[in-house]
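# Summary of structural features
For reference, the chains in residue letters:
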Amino acid sequence: MSHSKPRIAIVEDDADQLHSIEEFLLDSGYRAWGVGSAEAFYKKFMSDPVDVVLLDIGLPGDDGLSVAGLLKARPEVGVIILSARDALGDRLAGMQAGADRYLVKPVNLLELAANIDATASR
């Protein structure tokens, strides 16, 4: 049984991190695109939907928790928060906002890929 890799959106305002993650995913066979803000995500998502969204919490404008909350209405879209905020309260807030998983930066890219695959196959 051969499944194609899930489509991924990366919402990360740090251009270097965004580029690194996007390059890794593309090299690993995922279809991925990235943007630097929630507003840019909303616009791109309308024309290019994805299976899994990788979300930073600290974004300009709407934060990642707001995006996760809005995506709750789209249960077919998995949400993985990638954040440097590692306090229990932050992790719980991410999960309560609607994230399927919460990974603390810096994240190992192989671990990230495993989490993407697990989230997409749920």
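For the structure itself, look to the data block above.
These lines cover the structure that appears in this document, whether it is placed above or below. (Residues numbered from 1 in each chain as written. Predicted model: local features only at pLDDT ≥ 70, side-chain atom pairs only at ≥ 80, totals over all residues. Heavy atoms only, no water.)

## Re the sheet that holds strand 4 (residues 78-83)
Spatially, 2-1-3-4-5 is the arrangement adopted by the 5 strands of the open sheet, whose pairing is parallel. The strands lining the two open edges of the sheet, one partner per strand, are strand 2 (31-35) and strand 5 (101-104). Sheet twist, expressed as the average angle between the axes of neighbouring strands with direction ignored, equals 20 degrees. Packed onto the sheet, helix 2 (residues 38-47) meets strand 1 (7-11), strand 2 and strand 3 (52-55) and runs at close to 140 degrees relative to strand 2. (Pairing = 2+ DSSP bridges. Helix = DSSP H or I, 4+ residues; strand = E, 2+ residues; numbered from the N terminus. Axes fitted to C-alpha atoms, helices over the stretch in contact; angles between N-to-C directions. Contact = heavy atoms within 4.5 Å.)

## Observations concerning the packing of helix 2 against helix 3 (residues 64-71)
Where helix 2 meets helix 3, the axes come as close as 10 Å, and the angle between the chain directions of the two elements is 30 degrees. Taken as axis vectors, helix 2 and helix 3 run roughly parallel relative to one another. Residues Ala38, Phe41, Tyr42 and Phe45 of helix 2 form the contact with helix 3, whose own contacting residues are Ser66, Val67, Leu70 and Leu71. Residues that form the contact of helix 2 with helix 3 fall into these classes: 7 nonpolar, 1 polar and no charged. (Parallel < 35°, antiparallel > 145°, perpendicular 65-115°, else oblique. Nonpolar A, V, L, I, M, F, W, Y, C, P; charged D, E, K, R; others polar.)

## Some words on the environment of serine 37
Residue placement: serine 37 occurs in the loop between strand 2 and helix 2. Given a relative accessible area of 16%, serine 37 falls into the buried group. For the pair serine 37 and aspartate 56, spaced 19 residues apart in sequence, the C-alpha to C-alpha distance is 9.3 Å. If we skip the residues at most four places from it in the chain, serine 37 touches Val11 and Pro60. (Buried < 20%, exposed > 50% of the residue type's maximum accessible area, 1.4 Å probe, protein only.)

## A few points about helix 1 (residues 15-27)
Counted at 1.5 Å a residue, the expected span for helix 1 with its 13 residues is 18 Å, and the 18 Å between its end C-alpha atoms agrees. Leu18, Ile21, Glu22, Phe24 and Leu25 are the residues of helix 1 that are buried. Buried residues along helix 1 cover an arc of 160 degrees about the axis, so they all sit on one side. Exposed residues lying more than 90 degrees from the buried face of helix 1 are Ala15, Asp16 and Asp27. (Expected span 1.5 Å × (residues − 1). Arc of directions from axis to C-beta.)

## Digging into the side chain of asparagine 115
Within the secondary structure, asparagine 115 is located in helix 5 (residues 109-120). Take asparagine 115: its relative accessible area is 10%, and that puts it in the buried class. Beyond its immediate stretch of four places on either side in the chain, asparagine 115 contacts Ile80, Arg101 and Leu103.

Structural measurements only, silent on function.
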